[in-house]
Amino acid sequence: MEGLVFEDIQRAMEARDPSLVDMVISLSTKPDTFPDDIPDGAFTVTQFRNESRGWSFRWKSEEEKMAYRVESWKKLESEDAPVPLPDRYQLYEVLEALYAAEGAFARETLLELIRRAPLRLGLWRGMKSLYKRSEKNGDVELFGALLARFDTELSNTWGDYGEITKRTLLYLSRRGWRVLKRLGETFPAGYVTAASAVLREYTDRLNWGQAWVVNHIIYHEKDYYGGRPIYGQNKFRFYSPPENMVEDRAFAELWRQSPRPLFGLLERARSERIRLFAIEGLKADFRAELRDLDVSDVIRLINVDSATVHDFAVWLLENAPRFEQAAFQKLGLHDAVLSLFDSSSHSAREYAAKYARTHARDLPLHTLIRLANHDDQTVRDLVFDLLAERDPRKDVGLDAWGELLGTNYGHNKAVEMLREHFGSRELTTEWFRPRLLSSQWNVTQFAIARFDEIHTAKSVGIDYFLDLIHTTNVGSSTAEFALNNLEKLGVSELSVENIRVLLLRQNASGRVRKWLREDKIDPKKLGVDYWRALAFRPTWEKSDWVGKLRTNGPEWASDYQWNGTYLSGEAHLILGDLRNFSQRAVGFDWLLELVESNDEEARLWAFSYIVDSFTPAHFAKDFESGCELIWDLAVGPEALDGPKAELAREYIRSHHDAIGEEKTGKSVDEETQIPREFLSFERLSALFTDDRKVARSFAIELARYEMARWSPSLDVIVKFCETRRSDVRELFADALLADDTKENKRLRIAPDQMEVGAVYRFCESLDHGTRSIGMSLIDKYPQFAEPEPLFRLTDSPDRRVRAFVIRTIWSLYRKRAISTGWEPAKLEDRDAGPGPTPRPDEPPATPKALQEFLRRVLFGIPPARLPKDVERTDADPRPVPARRVKLYLLETMRDLALEDEAFAEVVVPLLSEF
């Protein structure tokens with residue numbers, strides 16, 4: 001009851017709402033809530049409770065405590081209080097209003113609240129006030145209810161953890177007992193009435209060893225208590241109360257004056273032990289009266305819902321001479337005794353059974369049927385003995401045995417009688433229907449077995465079994481039984497509509513799918529639209545057939561929702577089998593809808609289906625147009641990086657002769673293969689400069705399988721390398737520098753396809769990365785290291801190129817017999833250069849040109865390191881330090897000078913100068 005406020009309680013009280021008690025309890029247990037902006041120093045109910053429970057407060061005198069409480073509540077309840085009290089603190093007004101009102105509703109509601117409501121501040125104020133008023137006004141009913149509640153809470157309270165302390169409960173319980181004791185001493189006629197009013201309110205949740213008032217009433221004369229009770233401890237000293245509840249009663253002589261109060265307790269007490277107290281008192285003090293007890297009193301006792309009282313009633317019937325069983329009909333006890341069949345007392349049920357064996361063998365059939373499933377073996381034995389005396393067909397009948405079939409204890413007997421005495425004439429298919437649809441397993445098992453024994457599937461017909469399957473509450477066993485019979489009749493006898501609906505029915509779907517796998521059902525007959533609806537939720541929701549099914553189909557279909565858990569997978573298998581439906585029947589547009597959907601399972605299936613089953617011709621009117629459409633979807637100007645583009649790119653990969661074979665391990669069918677001529681250098685190279693990375697990467701991916709076939713000219717390659725697209729440059733670098741292996745067969749551009757002049761155009765490029773490729777080519781293939789074009793590169797502004805030229809010239813012209821072993825000084829990490837290559841016949845340039853080049857290198861300022869922002873690639877040669885470059889050049893010039901006197905005359909002065 002969220003949002004409940006005190007005004008709701010007031011309206012419910014005015015309307016005499018039956019839920020008033022629950023509403024009050026709900027409001028009383030709501031957590032206290034306070035405003036967030038409580039003023040500093042404001043006095044709140046929480047502060048009051050904490051202070052009144054503190055140790056310092058307990059040392060104050062009673063007058064000081066009372067004054068503090070009164071003054072505090074005045075502050076809390078005042079209209080100008082800074083913090084308003086939560087609504088539950090007003091609930092005492094409800095109790096006072098109910099007490100002041102007249103009528104049964106007000107009084108019963110008040111008593112129920114006293115019995116059930118939690119002892120919390122608010123309600124507690126009203127209870128304490130009513131307690132004092134009932135004591136003063138002599139309202140024993142209200143006084144008894146309140147005192148019993150306080151005593152019960154006291155018995156179950158182990159510490160002061162609630163809002164009402166144990167000390168308070170003990171005080172009120174002691175005060176209540178003093179009131180009763182004073183009545184016994186000064187007003188004997190009122191003591192038993194008041195004590196009875198208290199006793200009848202106790203329940204079985206009472207902790208007898210800790211209670212105060214009830215133990216005084218019943219065990220007052222026992223030496224289990226005495227002295228002055230101390231805080232937190234009762235003076236009764238037993239874990240369970242003594243068995244005899246009569247001999248130590250307080251004011252025992254007053255209880256002996258009349259049996260009426262004790263009979264009243266038997267009828268109205270809420271505790272079995274209190275009823276036992278009354279019975280012991282009646283047996284001890286009023287045996288003579290009990291022998292002459294009126295029949296109406298016995299009947300009233302039997303009507304009490306209590307095993308203890310029923311045992312007492314049986315005791316009376318067995319011990320009073322006037323209650324002869326033969327006279328029960330005449331006395332009016334016959335029906336009352338038979339009602340003891342439903343007693344919670346075993347001895348009372350046994351007494352009723354013994355009586356019925358002699359005096360009620362003509363029990364009505366409906367009574368026998370009801371009692372046949374009784375938990376008491378004695379009662380069941382009587383029932384089956386009486387049923388055995390009756391004719392199974394005439395006196396009991398088919399309906400009765402059918403009822404017994406669904407009982408725990410009567411089932412076996414019913415099975416026996418139904419098999420022995422009833423055949424197909426009585427056990428019709430309509431009689432079986434409710435049994436087949438029963439929720440009880442043993443009933444359906446009997447019905448299934450017996451049905452097959454006396455009926456044939458052919459005589460019953462398809463509709464009967466279909467109706468069973470489509471019944472909302474059909475169980476799995478019955479559904480299987482119906483499906484087995486449909487198989488007997490032949491799956492071919494089922495209409496297309498029947499199969500469509502059965503496949504949706506959860507308890508039949510598995511069997512229908514089995515029929516599909518066994519080719520007992522042709523999936524094509526169900527129609528491609530049906531399977532597409534099962535495969536994809538949006539298609540299902542738009543299906544006209546589904547709309548008709550929900551309107552005109554079985555009851556369960558009215559709110560049937562698409563279930564992709566098990567049906568979509570089956571639909572994908574059916575649709576994906578080209579023996580069932582062609583690609584065009586499934587529909588390209590519908591498949592694209594799936595590809596773009598959020599349904600991951602449907603998306604992946606459609607993606608795979610298109611890639612695996614479609615030829616380019618399926619995309620458009622013919623093969624060539626299909627290829628163009630696929631290419632446009634993959635990388636066209638309007639292609640986005642979405643599902644369609646991804647699909648098209650994957651289709652091209654899978655239908656590429658080399659990539660497709662790598663992916664599947666099988667050669668790609670020529671009918672579906674993207675033609676090699678379609679993937680021309682002109683088509684793919686147009687994407688090498690595309691700003692869209694996805695399109696560019698896709699073109700590069702394909703180019704790695706087509707480059708060797710294209711074998712583009714180096715002039716074209718230089719242009720693409722100069723586009724500053726690192727991924728494009730990397731593609732051509734890999735193609736130009738790839739080793740001659742099987743893996744690189746489709747990528748590698750062989751050196752015999754390259755012209756020397758074109759190779760040197762790489763080195764002369766203005767692009768850093770392109771120059772790196774050129775140097776790597778010359779480095780990898782020595783045949784390109786021709787002296788004259790190589791020496792022309794010494795004029796390059798790129799020091800890396802100049803260093804590369806020097807190192808290459810050094811590797812070509814040094815005299816290895818001298819250079820390898822002769823060193824003018826120890827050089828660290830000396831580079832011996834590449835392996836033996838043929839030495840050119842002529843120097844790379846004239847002596848004068850070489851002298852100028854030597855002067856420029858030896859006397860030039862060593863260049864700084866390359867800037868960090870200069871882009872480097874894996875194709876770049878390893879950088880050579882300026883010191884090493886000079887040494888390379890010196891070695892080269894020295895070796896040439898040793899061989900050529902004219903050159904020596906030119907270069908020696910320069911070397912001497914250096």
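Residues numbered from 1 in each chain as written. Predicted model: local features only at pLDDT ≥ 70, side-chain atom pairs only at ≥ 80, totals over all residues. Heavy atoms only, no water.

What about the overall build of the protein?
Now for step 1: Summing up its helical and strand segments, the protein has 57 helices and zero strands in all.
Now for step 2: The C-alpha atoms of the protein give 53 Å as radius of gyration, which overshoots the globular expectation for 914 residues (29 Å, by more than 25%).
Now for step 3: For the protein, contacts bridging at least 24 residues in sequence account for 68% of all contacts bridging at least 6.
Now for step 4: A total of about 45,900 Å² of accessible surface is found on the protein, and carbon and sulfur atoms cover 49% of it.
Now for step 5: Taking the average location of the 128 positive side-chain charges in the protein and that of its 149 negative ones, the two points are 4 Å from each other. (Helix = DSSP H or I, 4+ residues; strand = E, 2+ residues; numbered from the N terminus. Rg over C-alpha atoms; globule rule 2.2 N^0.38 Å. Contact = heavy atoms within 4.5 Å. Areas by Shrake-Rupley, 256 points an atom, 1.4 Å probe, with all protein chains shown as cover. Lys, Arg positive; Asp, Glu negative; His and termini not counted. Charge placed at Lys NZ, Arg CZ, Asp CG, Glu CD.)

Overview of the nonpolar core
Now for step 1: Counting residues in each nonpolar core, the largest one holds 283 residues, and the members touching the most others are Tyr191, Ile217 and Trp531.
Now for step 2: For this core, the element with the highest residue contribution is helix 47 (residues 693-710), accounting for nine residues.
Now for step 3: Leaving out residues up to four positions away in the same chain, tyrosine 191 has contacts with Trp177, Leu180, Leu183, Gly184, Ile217, Ala250, Phe251, Leu254 and Trp255. (Core = buried A, V, L, I, M, F, W, Y, C linked by side-chain atoms within 4.5 Å. Buried < 20%, exposed > 50% of the residue type's maximum accessible area, 1.4 Å probe, protein only.)

Focus: the packing of aromatic side chains
Now for step 1: Counted under the stated rule, the structure contains 35 aromatic pairs.
Now for step 2: Where tyrosine 530 meets tryptophan 531, the ring centres are 5.5 Å apart and the plane angle is 75 degrees; that geometry is what we call edge-to-face.
Now for step 3: Residue class for tyrosine 530 comes out buried when judged on its relative accessible area of 5%.
Now for step 4: Taking relative accessible area as the criterion, tryptophan 531 reaches 0% and is therefore assigned buried.
Now for step 5: For the ring pair phenylalanine 681 and phenylalanine 720, a centre distance of 6.0 Å and an interplane angle of 85 degrees mean the geometry is edge-to-face. Pair noted here: phenylalanine 681 is in helix 46 (residues 681-685) and phenylalanine 720 is in helix 48 (residues 714-721), with a separation of 39 residues, a long-range link. This pair shows no difference in class: phenylalanine 681 is buried, exactly as phenylalanine 720 is. (Phe/Tyr/Trp six-rings, centres within 6.5 Å; stacked < 30°, edge-to-face > 60°.)

Focus on helix 49 (residues 726-737)
Now for step 1: The terminal C-alpha atoms of helix 49, which comprises 12 residues, lie 16 Å apart, in line with the 16 Å expected from a rise of 1.5 Å per residue.
Now for step 2: Of all 12 residues making up helix 49, nine are buried, and the element is well covered by its neighbours.
Now for step 3: By the burial criterion, the buried members of helix 49 are Asp727, Val728, Arg729, Leu731, Phe732, Ala733, Ala735, Leu736 and Leu737. (Expected span 1.5 Å × (residues − 1).)

Thoughts on the side chain of arginine 729
Now for step 1: Mapping arginine 729 onto the fold places it in helix 49.
Now for step 2: Classification of arginine 729 as buried rests on a relative accessible area of 2%.

Quick word on the packing of helix 30 (residues 462-470) against helix 31 (residues 476-489)
Two quantities define a packed helix pair, namely the angle between the helix axes and the distance between the axes.
Now for step 1: Taken N-terminus to C-terminus, the directions of helix 30 and helix 31 make an angle of 155 degrees; their axes are 9 Å apart at the nearest point. Taken together, the axes of helix 30 and helix 31 lie roughly antiparallel to each other. With respect to the hand of their crossing, helix 30 and helix 31 are arranged in left-handed fashion. Across the interface between the two elements, Ile462, Phe465, Leu466, Leu468 and Ile469 of helix 30 pack against Thr478, Ala479, Phe481, Ala482, Leu483, Asn485, Leu486 and Leu489 of helix 31.
Now for step 2: Here the residues of the contact of helix 30 with helix 31 are counted per class, giving 11 nonpolar, two polar and no charged. (Axes fitted to C-alpha atoms, helices over the stretch in contact; angles between N-to-C directions. Parallel < 35°, antiparallel > 145°, perpendicular 65-115°, else oblique. Left-handed = near helix turned anticlockwise from the far one by under 90°. Nonpolar A, V, L, I, M, F, W, Y, C, P; charged D, E, K, R; others polar.)

What about helix 40 (residues 588-595)?
Now for step 1: In terms of burial, helix 40 is a largely internal element, six of the eight residues being buried.
Now for step 2: Among all positions in helix 40, only Phe588, Trp590, Leu591, Leu592, Leu594 and Val595 are buried.

Observations regarding the state of the cysteines
Two cysteines, two sulfur atoms, one covalent bond between them: this is a disulfide.
Now for step 1: Under the counting rule described, the total for this entry stands at zero disulfides.
Now for step 2: Between cysteine 763, a cysteine without a disulfide, and cysteine 721, which holds the nearest cysteine sulfur, the sulfur-to-sulfur distance is 12 Å. (Disulfide = S-S within 2.5 Å.)

Description of the layout of surface pockets
Now for step 1: Of the volumes computed, that of the second largest pocket is approximately 370 Å³.
Now for step 2: Lining the second largest pocket are 17 residues, and of these Val611, Asp612, His655, Val668 and Thr672 sit closest to its centre.
Now for step 3: Of all the elements in the fold, those that place two or more residues in the lining of the second largest pocket are helix 41 (600-613) and helix 45 (657-664).
Now for step 4: In the lining of the second largest pocket, the residues fall into four nonpolar, nine polar and four charged. (1 Å grid on protein atoms, 1.4 Å probe; cavity = no way out; pocket = protein on both sides within 12 Å on 5 of 7 lines; lining within 4 Å. Points joined across faces, edges and corners; volume = space filled by probe spheres on them.)

Brief notes about the environment of glutamate 51
Now for step 1: Its place among the elements puts glutamate 51 in helix 3 (residues 45-52).
Now for step 2: With relative accessibility at 35%, the residue glutamate 51 sits in the partly exposed group.
Now for step 3: C-alpha separation for the pair glutamate 51 and aspartate 767, spaced 716 residues apart in sequence, amounts to 88 Å.
Now for step 4: Excluding residues within four positions of it along the chain, glutamate 51 makes contact with Phe43, Phe57 and Tyr68.

Quick word on the pattern of salt bridges
Now for step 1: Scanning all chains against the criterion turns up 57 salt bridges.
Now for step 2: In this structure, glutamate 153 engages arginine 205 in a salt bridge whose closest nitrogen and oxygen atoms are separated by 3.4 Å. Of this pair, glutamate 153 sits in helix 9 (residues 140-155) while arginine 205 sits in the loop between helix 11 (188-199) and helix 12 (213-219), and the two are 52 residues apart along the sequence.
Now for step 3: On the accessibility criterion, arginine 205 (47% relative accessible area) is partly exposed. (Salt bridge = Lys/Arg side-chain N within 4 Å of Asp/Glu carboxyl O.)

A short note on the packing of helix 28 (residues 441-454) against helix 31
Now for step 1: At a minimum axis separation of 10 Å, helix 28 and helix 31 run at an interaxial angle of 15 degrees. Classified by the interaxial angle, the pair formed by helix 28 and helix 31 is roughly parallel. When you trace helix 28 past helix 31, the crossing you get is right-handed. The residues of helix 31 that touch helix 28, namely those facing Trp441, Thr444, Gln445, Ile448, Phe451 and Asp452, are Ser477, Thr478, Phe481, Asn485 and Lys488.
Now for step 2: When the residues that make up the contact of helix 28 with helix 31 are grouped by side-chain class, the tally is four nonpolar, five polar and two charged.

What to know about the confidence of the model for the protein
Now for step 1: Here the protein averages 86 in pLDDT, while 91% of its residues score no lower than 70.
Now for step 2: Of all the helices and strands in the protein, helix 54 (residues 816-819) carries the lowest mean pLDDT, 46, while helix 30 carries the highest, 96.
Now for step 3: In this model, residues 226-234 is a region of pLDDT below 50 whose contacts with residues beyond four sequence positions or in other chains number 16 contacts.
Now for step 4: Within the model, pLDDT remains below 50 along residues 816-822, and this stretch shows 15 contacts once partners closer than five positions in the same chain are excluded. (pLDDT = per-residue confidence, 0-100.)

Some points on the environment of histidine 655
Now for step 1: With respect to the helices and strands, the residue histidine 655 is situated in the loop between helix 44 (643-654) and helix 45.
Now for step 2: Taking the C-alpha atoms as reference points, histidine 655 and aspartate 612, separated by 43 residues in sequence, lie 8.9 Å from one another.

A look at the side chain of histidine 310
Now for step 1: Its place among the elements puts histidine 310 in helix 18 (residues 307-319).
Now for step 2: The exposure class assigned to histidine 310 is buried, which follows from its relative accessible area of 6%.
Now for step 3: Here histidine 310 is in contact with Leu301, Ile302, Val304, Leu340, Ser343, Ser345 and Ala348, once residues within four sequence places are set aside.

Concerning unusual backbone geometry
Now for step 1: Look at arginine 16: it is not a glycine, yet its phi comes out positive at around 55 degrees.
Now for step 2: Along the chain, arginine 16 falls in the loop between helix 1 (6-14) and helix 2 (20-28).
Now for step 3: With phi around 45 degrees, serine 711 is a residue other than glycine that occupies positive phi space.
Now for step 4: Mapped onto the elements of the fold, serine 711 is located in the loop between helix 47 and helix 48.

Some words on the environment of aspartate 297
Now for step 1: Checked against the element boundaries, aspartate 297 lands in helix 17 (residues 295-302).
Now for step 2: Given the relative accessible area of 12%, aspartate 297 is considered buried.
Now for step 3: Between the C-alpha atom of aspartate 297 and that of phenylalanine 263, which follows or precedes it by 34 residues, the distance is 8.7 Å.

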